[in-house]
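Summary of the model geometry
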Amino acid sequence: MAEETKAPEASGGETRTAERPVERSSDSRPERSDRDRGPRGPRPGGPGGREGGRKYFRRKKVCKFCTEKIEAINYKDVRLLAGFVAESGKIVPRRLTGVCTPHQRRLSAAIKQARNIALLPFAGRAQ
Amino acid sequence: MNRTYELMFIVRPDMVDEDLNKLISTLESSVTAAHGTVKSEIWGKRRLAYTVRRFNEGIFVLLILEGTGAMVHELERRLRVTEPVIKFLTVRTDEELKRLDKIKKLRDSRKKASAAPPVTPEAGTEPAPATA
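Procedures and definitions
Residues numbered from 1 in each chain as written. Chains lettered and ligands numbered in written order. Predicted model: local features only at pLDDT ≥ 70, side-chain atom pairs only at ≥ 80, totals over all residues. Helix = DSSP H or I, 4+ residues; strand = E, 2+ residues; numbered from the N terminus. Buried ≥ 20, exposed ≤ 12 C-beta atoms within 10 Å, placed from the backbone. Core = buried A, V, L, I, M, F, W, Y, C linked by C-beta atoms within 7 Å. Contact = placed C-beta atoms within 7 Å. Pairing = 2+ DSSP bridges. pLDDT = per-residue confidence, 0-100. Axes fitted to C-alpha atoms, helices over the stretch in contact; angles between N-to-C directions. Expected span 1.5 Å × (residues − 1).

A separate point is the overall build of chain A. Secondary structure summary: chain A contains seven helices and zero strands in total. The N-to-C order of helical and strand elements in chain A reads α-α-α-α-α-α-α. Looking at chain A residue by residue over its 127 residues, the buried ones come to 12%.

What follows is the structure in C-alpha cells.
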C-alpha cells in the first residue's frame, strides 16, 4: 500500500495525490479482489483438484476400455462390471470413472443385463 | 437368416445332476428339431445377487444357439413352464459378434501392414498392441 502511494506521486501530478488517498480507502477492497481473482480464474487446475465441489474438470482420466482395447463388454464377466458399480449397487457416473461415452453406454447395458440375471444386485447392502 | 443368441437360465440349486442333463437334452432336441445348432455350458452353483423365489443360490446354465426367433420364442415358453427354472435371459449376439469380428479384422490387417516391411517378421501372434 505504501509503495502504491509513492508510485503515482512520482509519475502523476498533484491532483492525483490529492484524490487518491480518498478513493483508495473505498476502492482498495474491490482492487484487492480483482487482483486475487486474476491468478485464480484462468487456472482451474489447482482449486478444482482440492475442492470437493468439482466445478472444474479433473486431471484427465482415460477410458479403461479404450486404453486396454477391451472390445467386448459382456454381462457375464461380473468382475469387470463390478468395478464400475458402487457399493450400493448403483452404476458409477462416467465423470468419476473416466469411461468414454460409447463404452459407458455398453457398460450400463451390460450391467442392467447382469442385474436381470441375478449376477449383480439391483440394490446393495447399503442400509 | 440364422441369428445367434445366448440363453442363460438359472435352475434351483437342489436339482439333481441327471435331471439337469435331462432338461438340457430336451431343450437341445427342440432346437435341433427347428434346424438350429446349440452348445451348452453348465456354470454350476453360484450365489445369486438377490433372492429369487426364496432361493439364494442357483445353478447357471448357458446355451449358445443359432436359429430363428420363433425357435427362441418356443424355448422361452418351455422354460417359463418348467418348474425348476427360476430365471432366464436371452440376448441376441449376432450383431455384436459381427462388430467384434470387424474390429478384429481391422486390427489384423493393420498389423500385417505394419509387419510388411521386414524388420522383424513376427509369427502372426498378437501380444503387442497396435499403436496408432
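Past the structure itself, the notes keep going.
Turning to the nonpolar core, a few remarks are in order. The biggest cluster of nonpolar side chains holds 33 residues, and the ones touching the most others in it are A:Ala110, A:Ala114, B:Leu7, B:Phe9, B:Ile10 and B:Leu65. Going through the elements one at a time, α7 (101-116) of chain A together with β1 (3-11), α1 (17-33), β2 (37-52), β3 (55-67), α2 (69-81) and β4 (85-92) of chain B are the ones with two or more residues in this core. Take this core: its biggest share by element is six residues, from β1(B). Residues within four places of B:Leu65 in sequence aside, it is in contact with B:Thr4, B:Tyr5, B:Leu7, B:Val31, B:Gly36, B:Val38 and B:Val72.

With that settled, consider the pairing of β3(B). All names here are of chain B. Where β1 meets β3, nine bridges bridge the pair, whose relative direction is antiparallel. Considered in β3, the bridge of Tyr5 is made with Leu65. Sheet topology places β2 next to β3; 11 bridges connect them, and they run antiparallel. Within the sheet, the bridge partner assigned to Ile42 lies in β3 and is Val61. Linking two consecutive strands that pair antiparallel, namely β2 and β3, is a turn of two residues; a positive phi of about 50° is found at Arg53 within it.

Let's shift gears to the environment of A:His103. All names here are of chain A. One can find His103 in helix α7. With 19 C-beta atoms packed within 10 Å, His103 lands in the partly exposed category. Along the chain, His103 and Ile73 lie 30 residues apart, while their C-alpha atoms are 8.3 Å from each other. Non-local contacts of His103, meaning those with residues more than four positions away in its chain, are made with Cys63, Phe65, Cys66 and Ile73.

All names here are of chain A. Tracing the chain through its elements places Glu87 in the loop between α5 (78-82) and α6 (94-97). Given 8 C-beta atoms within 10 Å, Glu87 falls into the exposed group. Linking Glu87 and Gly124, residues 37 residues apart in sequence, is a C-alpha distance of 6.1 Å.

Another point: the confidence of the model for chain A. Segments scoring low in pLDDT should not have their predicted coordinates read at a detailed level. Across chain A, the average pLDDT comes to 70, with 51% of residues at or above 70. Of the regions scoring below 50 in pLDDT, residues 44-49 of chain A engages in eight contacts with residues more than four places distant in sequence or in other chains.

Residues and elements named next belong to chain B. The strand order across the open sheet built from four strands is β2-β3-β1-β4, with neighbouring strands paired in antiparallel fashion. The open sheet has two free edges, formed respectively by β2 and β4, since each of these has just one partner strand. Averaged over all pairs of adjacent strands, the angle between strand axes in this sheet comes to 20°, irrespective of strand direction.

Attention now goes to helix α3 (residues 94-115) of chain B. An ideal rise of 1.5 Å per residue puts 32 Å on 22 residues; α3(B) measures up with 31 Å between its terminal C-alpha atoms. By the criterion of burial, α3(B) is predominantly exposed, with just zero of the 22 residues buried.

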